[in-house]
Amino acid sequence: MYKRIDGKEVSSYIKNQVKIEVEKLAEQGVEVSLAVIIVGNNPASRVYVNNKKKACEATGIISHEYALSEETSEAELLNLINKLNSDEKINGILCQLPLPEHIDEKKVIEAISPMKDVDCFHAVNVGKLWLGEYEFAACTPMGVMLLLDYYGIDVEGKNCVIIGRSNIVGKPMASLLLEKSATVTVCHSRTQNLSFFTKNADIVIAAVGKAKFVTADMIKEGAVVIDVGINRDENGKLCGDVDFENVKEKASYITPVPGGCGPMTIAVLMKNTLAAAKNQNNI
Ligand code: BQF
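Just so we're clear, the structure is a prediction, and the values are computed from it rather than from any experiment.

About the cut-offs
- Residues numbered from 1 in each chain as written.
- Predicted model: local features only at pLDDT ≥ 70, side-chain atom pairs only at ≥ 80, totals over all residues.
- Heavy atoms only, no water.
- Helix = DSSP H or I, 4+ residues; strand = E, 2+ residues; numbered from the N terminus.
- Rg over C-alpha atoms; globule rule 2.2 N^0.38 Å.
- Buried < 20%, exposed > 50% of the residue type's maximum accessible area, 1.4 Å probe, protein only.
- Contact = heavy atoms within 4.5 Å.
- Areas by Shrake-Rupley, 256 points an atom, 1.4 Å probe, with all protein chains shown as cover.
- Phe/Tyr/Trp six-rings, centres within 6.5 Å; stacked < 30°, edge-to-face > 60°.
- Near = heavy atom within 4 Å.
- Polar contact = N/O pair within 3.5 Å; in protein donor to acceptor, adjacent residues only side chain to side chain.
- Nonpolar A, V, L, I, M, F, W, Y, C, P; charged D, E, K, R; others polar.
- Core = buried A, V, L, I, M, F, W, Y, C linked by side-chain atoms within 4.5 Å.
- Expected span 1.5 Å × (residues − 1).
- Arc of directions from axis to C-beta.
- Axes fitted to C-alpha atoms, helices over the stretch in contact; angles between N-to-C directions.
- Left-handed = near helix turned anticlockwise from the far one by under 90°.

Thoughts on the overall build of the protein chain
Here is step 1 of the chain: Each helix and strand counted, the protein chain has ten helices and eleven strands in total.
Here is step 2 of the chain: Scaling as 2.2 N^0.38, a compact globule of 283 residues should have a C-alpha radius of gyration of about 19 Å, and the protein chain matches this with 19 Å.
Here is step 3 of the chain: Structurally, the protein chain occupies a C-alpha span of about 50 × 40 × 35 Å along its principal axes.
Here is step 4 of the chain: For the protein chain, the proportion of its 283 residues judged to be buried stands at 48%.
Here is step 5 of the chain: Contacts in the protein chain between residues at least 24 apart in sequence constitute 71% of all its contacts with a sequence separation of at least 6.
Here is step 6 of the chain: If you sum the accessible surface of the protein chain, you get close to 13700 Å²; carbon and sulfur atoms cover 49% of it.

Structural data, given as structure tokens:
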């Protein structure tokens, strides 16, 4: 029998912990605040930004939204980031990706002060993550680690297979699992005989970006299956990278989409913003 991992439940638990700490800081006269920048009118980005603002409200974090038009120049955006970097009232800064074509994402990521980079995208924070000396970890991978921990799933010595090698999910996921002494394999679009790897995995983490890409024949009986994907199926319904209905029959634990990794990403963002505020106030 499989167990459904409930990301909504665990994210509520994490956000409540953050809320308690935010209240404690308020008693000491310290406010916690997050600046959220969104450029253009990508509908998915708008949903994600709204989710982040809602989570801020739930945890007592003050959110400031900067909604810029599609035509905003790179220089204008960098200008805003510089202003927020030196604003003592702002603890965390995130710029919602993707950005319009004419703006260089790399430049924007590197412009955000590492101290306020709550997404953990800046090269300094990525380096610290790989050294195991970090203040912030990438939100989605850390969310996965917290889910595994909450359900008592130990990764030490386990055969973990990540499908996807992005800077946002696959690579930092590998780092966090390695730190916990897992044996990590990172597969990707050029991997030959993907099933050879996934069939031997105790834990499979799918971050591919293709609906129902991971099928039951690729999974070992009793494996833990974590689905990071967010796609739309043929009926426009939200679905992950995993063929949930079939894979669940073989898995010991499995995350649904929605309600699995997504809410955890947001909860970790709140945790990182709290950590940034404590850090900046020498607490
Ligand atoms: C849920 C994201 C791809 C590219 C850029 C809850 C979110 C999603 C799903 C959410 C994501 C995905 C975010 C659910 C933030 C996760 O109930 O299943 C929350 O808001 N996310 C993002 O900011 O940028 C992305 C995925």
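So that's the structure; there's more coming.
Remarks on the packing of aromatic side chains
Here is step 1 of the chain: Taken as a whole and assessed by the stated rule, the structure comprises five aromatic pairs.
Here is step 2 of the chain: Both rings, one in Phe-196 and one in Phe-197, keep their centres 5.1 Å apart while their planes meet at 85°; by these two values the pair is edge-to-face.
Here is step 3 of the chain: Relative accessible area serves as the criterion here: at 29%, Phe-197 is assigned to the partly exposed category.

A closer look at the site of the ligand
Here is step 1 of the chain: Around the ligand, the surrounding shell consists of Tyr-48, Asn-51, Lys-52, Gln-96, Ile-230, Pro-258, Gly-259, Gly-262, Pro-263 and Ile-266.
Here is step 2 of the chain: Asn-51 is positioned with one of its side-chain polar atoms (N or O) 2.8 Å from an oxygen atom of the ligand.
Here is step 3 of the chain: Considered on its own, the ligand offers 530 Å² of accessible surface; in the complex 69% of this is hidden by protein.
Here is step 4 of the chain: Those elements that provide at least two residues to the shell around the ligand are helix H2 (43-59) and helix H10 (261-280).
Here is step 5 of the chain: Considered class by class, the residues forming the shell around the ligand number five nonpolar, four polar and one charged.

Describing the nonpolar core
Generally speaking, nonpolar side chains in soluble globular proteins are found buried as a group.
Here is step 1 of the chain: One finds Leu-34, Leu-177, Ile-205 and Ile-226 to be the most contacted residues of the largest nonpolar core, which totals 55 residues.
Here is step 2 of the chain: Residue contacts for Ile-226: discarding those within four places in its chain leaves Ile-5, Val-144, Leu-148, Val-204, Ile-205, Ala-206, Thr-255 and Cys-261.
Here is step 3 of the chain: Membership of the second largest hydrophobic core comes to 18 residues, among which are Val-161, Ala-201, Phe-244 and Val-247.

What to know about the side chain of Asp-117
Here is step 1 of the chain: With respect to the helices and strands, Asp-117 occurs in the loop between helix H4 (105-111) and helix H5 (123-131).
Here is step 2 of the chain: Among the polar contacts made by the side chain of Asp-117, one reaches the main-chain amide nitrogen of Phe-121 at a distance of 3.0 Å.
Here is step 3 of the chain: Among the polar contacts made by the side chain of Asp-117, one reaches the main-chain amide nitrogen of His-122 at a distance of 2.8 Å.
Here is step 4 of the chain: Setting aside residues up to four positions removed in sequence, Asp-117 forms contacts with Ile-93, Ile-112, His-122, Asn-125 and Phe-136.

What about helix H3 (residues 74-85)?
Here is step 1 of the chain: Taking 1.5 Å of rise per residue, the twelve residues of H3 would be expected to cover 16 Å, and the 16 Å separating its terminal C-alpha atoms lies within 8% of that figure.
Here is step 2 of the chain: Those residues of H3 that sit buried are Glu-74, Leu-77, Leu-78, Leu-80, Ile-81, Leu-84 and Asn-85. Looking straight down H3, one finds its buried side chains confined to an arc of 155°; they lie on one side. Residues of H3 that are exposed and point more than 90 degrees away from the buried face comprise Ala-75, Asn-79 and Lys-83.

Observations concerning H10
Here is step 1 of the chain: With 20 residues, H10 should cover 28 Å at 1.5 Å per step; its first-to-last C-alpha distance of 29 Å lies within 8% of that length.
Here is step 2 of the chain: Looking one or two residues beyond H10, the residue adopting positive phi is Asn-282, at roughly 55°.

Concerning the packing of helix H6 (residues 139-150) against helix H7 (residues 170-179)
Here is step 1 of the chain: Where H6 contacts H7, the two axes come as close as 8 Å, and the packing angle between them is 35°. Regarding H6 and H7, the two cross each other, and that crossing is right-handed. On H7, the residues touching Pro-141, Met-142, Val-144 and Met-145 of H6 are Pro-172, Met-173, Leu-176 and Leu-177.
Here is step 2 of the chain: Of the residues belonging to the contact of H6 with H7, the class tally is eight nonpolar, no polar and no charged.

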